[in-house]
Every structure is written in structure tokens, then in C-alpha cells.
Amino acid sequence: MLKLANISFGYTSKEVIKNIGFNANKGDYIAIIGESGSGKSTLLEIIYGLLHIEIGTVHWNEEKLLGPNFRLIPGEDFMKYLPQDFDLMPYTTVEENIGKYISSQDKNKGKRIKELLKVVDMTEFSQTKVKNLSGGQKQRVAIAKVMAKEPEVLLLDEPFSHIDNFRKNKLRRDLFKYLKSKNILCIVATHDTTDALSFADKILVIRNGKLIANKAPEQLYTNPKSAYIASFFDEINKIPVREIDSNDCSKKSVLLYPNQIKLTETAGINATVITSYFKGSHYLIEAILDKTTVFFEHHIKLETNQQIFLKFAISEAK
Ligand code: ADP
Ligand code: MG
């Protein structure tokens, strides 16, 4: 088990990681989400042992990891870390790049490389020089390379940022299936929650260096504690309750996803349509209540300035 406890860290006197702690089990997939600058990459570098921490501890299977001040070469052997700005050897082939860390004495080397090429769907490029690949293809090679020695823990920083959606879905499915089958703990930093929702066992949300949520995807999605958290999943509406409930004159507001607001024929709250955005399976409708703009889903397009009634699946926001 990986155990982080009470970790605080700053590059300067300003703390950018503030008292973070969590546990993760072998074979888990943990997604760390947070806006840019919130501390995701810093946290991965602390776990891997590239940054020295004065406050807090990292344990792996009861053993305390000592960090860069106590190692000749920073970074733990049982872990692999793929930084955001990964680097490959441009003038050698895909196969050579992936095999770089596998000993040539290893009689399974060839088989292992083939297996990894398959996971990242790069088999047909095995003999291509890396400099001739696209950004997304390079990223897939980099992912295969960090898995080459079958680490126990894999830390990936924005691993799909250059990969187009068409490839991304298949890659995510294949990669996470593979990691589970090998019981590898994988921690992924991402600002794209579609990376996290379908696959993660836990989602950790970081804001300004603080861990503000640590939950299973379903729990986090259905009960987001703040607009910051909800906004990773969908367009989020924060609506003053008094605008949708005439009996309430408090200052409270509710958080609602677009699919929690529905058009109704009668007896709803008045709204005026502003724009309809085509989303493929539905339209996202932008409308205005008395003062507040709302977004909701509807199966057909609505005309600008059309008067409509809406009903709201109210749940309390904090
Ligand atoms: P994220 O990965 O979530 O975008 P980072 O961990 O890269 O966030 O950054 C967290 C904070 O630390 C930011 O305010 C960033 O400016 C700062 N920071 C990151 N790297 C350094 C560095 N090498 N020196 C000083 N400050 C840094
Ligand atoms: Mg980062």
C-alpha cells in the first residue's frame, strides 16, 4: 500500500502542497484532478522522490521512502514516472526506445516489447524512428516505455494530452485493463475528467495545494461539494434558490448539472431561451431565468427568445 501522510511542500517559502494525505492499494487507479497550478505535478514528483519534503511522509508497504537527499539517483526503483514533458530518443526506433530499460540478457525482452506495443496500439510502428512520429504517437511510446520494466507503481502526468479522442478511448481502455491485470498501482494527474470517470477507483481533487475530495467517481459526481468539483464533470449551474422557489428568500444556492433541469409544459419556472448548442445526442440549451443563466439538456433545438417553463431536481449545495 502507498501511504502519504500530512505532506506540505513549497519550492520557495510559499506552500504549494498543503497537508495532503491519502492511501492507495496495489492495482488501484487513482486520478488526481485539479486546475492548472493546483499542485498535481508537484505531488507526483514528491511521491516519486524527486522533491525533498521536510513535512510529512511517504510509505510503500510499511517502508518509509527517504527522498532525493538520501539517494544517489533520485527516484524509486519500483516506481516509474512519466513527466508531462517526457523525452524519448529521437533517432532510434520505437522498439529500441521501449526496450531501453529491459536488459538484453532478459530472454523475454522481445515478447515483452511486443506485448507493450500492443497495449499502446503501436505495433505497426515498431521499426519507425521516433522523430518521424506524431505528438500523440510519441506519447504512446513514452507510456509503453515507462511500463517496460513492470513497475509496482506508475505515475503518469497528463499522459493523454497529445492523443486525439478517437485513439484516447481505446488506449485508456486497453491501458487500464492491462495495469489491472498486472496489479500495478497507477496514479494519473489530469485536468481532463473523462480520463478519470470511467476508470478510476478513486478521484482526488486538489485545489490550491489542498486535497478537497477523495472519493469514488460515482460518489463524487452525484454529490459534488462545490462548483469547482462539479465543473470537472460537466457544465454546472449554480442557481440561487430564491430564483426557483418563491417560498425561499434565503441566500442559498443549488448546484445542478444540465441533465437535472428539464423542460415542462406547465407549472414550471419561467425562462427565456438564449441559444441552443448541438451536442450530437442532444442540445445544450442556454436560457435565462429572472437573473441567472442556466444550461440544460433537451432532445430538440429551441428557438432564441422562446418562452419556456423549467423544473429543477433540487439538491442542496454547500
Ligand atoms: P499542476 O501540475 O497542477 O498544474 P504544479 O504542481 O506544476 O501544478 O504547480 C503547483 C504550483 O507550484 C504552481 O503555483 C507553480 O507555479 C509552482 N511551481 C511548480 N514548479 C515550480 C518550480 N520548479 N519552482 C517554483 N515554483 C514552481
Ligand atoms: Mg502539471
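Residues numbered from 1 in each chain as written. Chains lettered and ligands numbered in written order. Predicted model: local features only at pLDDT ≥ 70, side-chain atom pairs only at ≥ 80, totals over all residues. Heavy atoms only, no water.

J.: Would you explain the overall build of the protein chain in this entry?
T.: For the protein chain, the helix and strand inventory stands at 9 helices and 17 strands. With the principal axes as the frame, the protein chain shows a C-alpha extent of 75 × 45 × 35 Å. By residue count, 47% of the 318 residues in the protein chain fall in the buried class. Nonlocal contacts in the protein chain, meaning residues at least 24 apart in sequence, comprise 62% of its contacts between residues at least 6 apart. Summing over all exposed atoms, the protein chain offers an accessible surface of approximately 16700 Å²; the carbon and sulfur share of this is 49%. Side chains of the protein chain give 44 positive and 38 negative charges; the mean places of these two sets differ by 3 Å. (Helix = DSSP H or I, 4+ residues; strand = E, 2+ residues; numbered from the N terminus. Buried < 20%, exposed > 50% of the residue type's maximum accessible area, 1.4 Å probe, protein only. Contact = heavy atoms within 4.5 Å. Areas by Shrake-Rupley, 256 points an atom, 1.4 Å probe, with all protein chains shown as cover. Lys, Arg positive; Asp, Glu negative; His and termini not counted. Charge placed at Lys NZ, Arg CZ, Asp CG, Glu CD.)

J.: So what exactly am I meant to see when it comes to the domain arrangement of the protein chain here?
T.: When the parts come together, some accessible area is lost, and that loss is often what is quoted as the size of the interface. Domain annotation of the protein chain identifies domain 1 (1-78 + 151-223), domain 2 (88-149) and domain 3 (237-317). Taking only C-alpha atoms into account, the centre of domain 1 sits 24 Å from that of domain 2. In total, domain 1 and domain 2 occlude about 1300 Å² of area from one another, counting both sides; carbon and sulfur atoms represent 63% of this. Connecting domain 1 to domain 2 are 2 salt bridges. A salt bridge links Asp121 to Arg167; the shortest N-O distance between them is 3.1 Å. Those elements that place two or more of their residues in the side of domain 1 that touches domain 2 are strand E7 (153-157) and helix H5 (165-181). Tallying contributions element by element places H5 first for the side of domain 1 that touches domain 2, with 7 residues. Classifying every residue of the side of domain 1 that touches domain 2 by side-chain character gives 10 nonpolar, 2 polar and 5 charged. (Domains from an automatic or database assignment. Buried area = accessible area lost by both parts, 1.4 Å probe. Salt bridge = Lys/Arg side-chain N within 4 Å of Asp/Glu carboxyl O. Nonpolar A, V, L, I, M, F, W, Y, C, P; charged D, E, K, R; others polar.)

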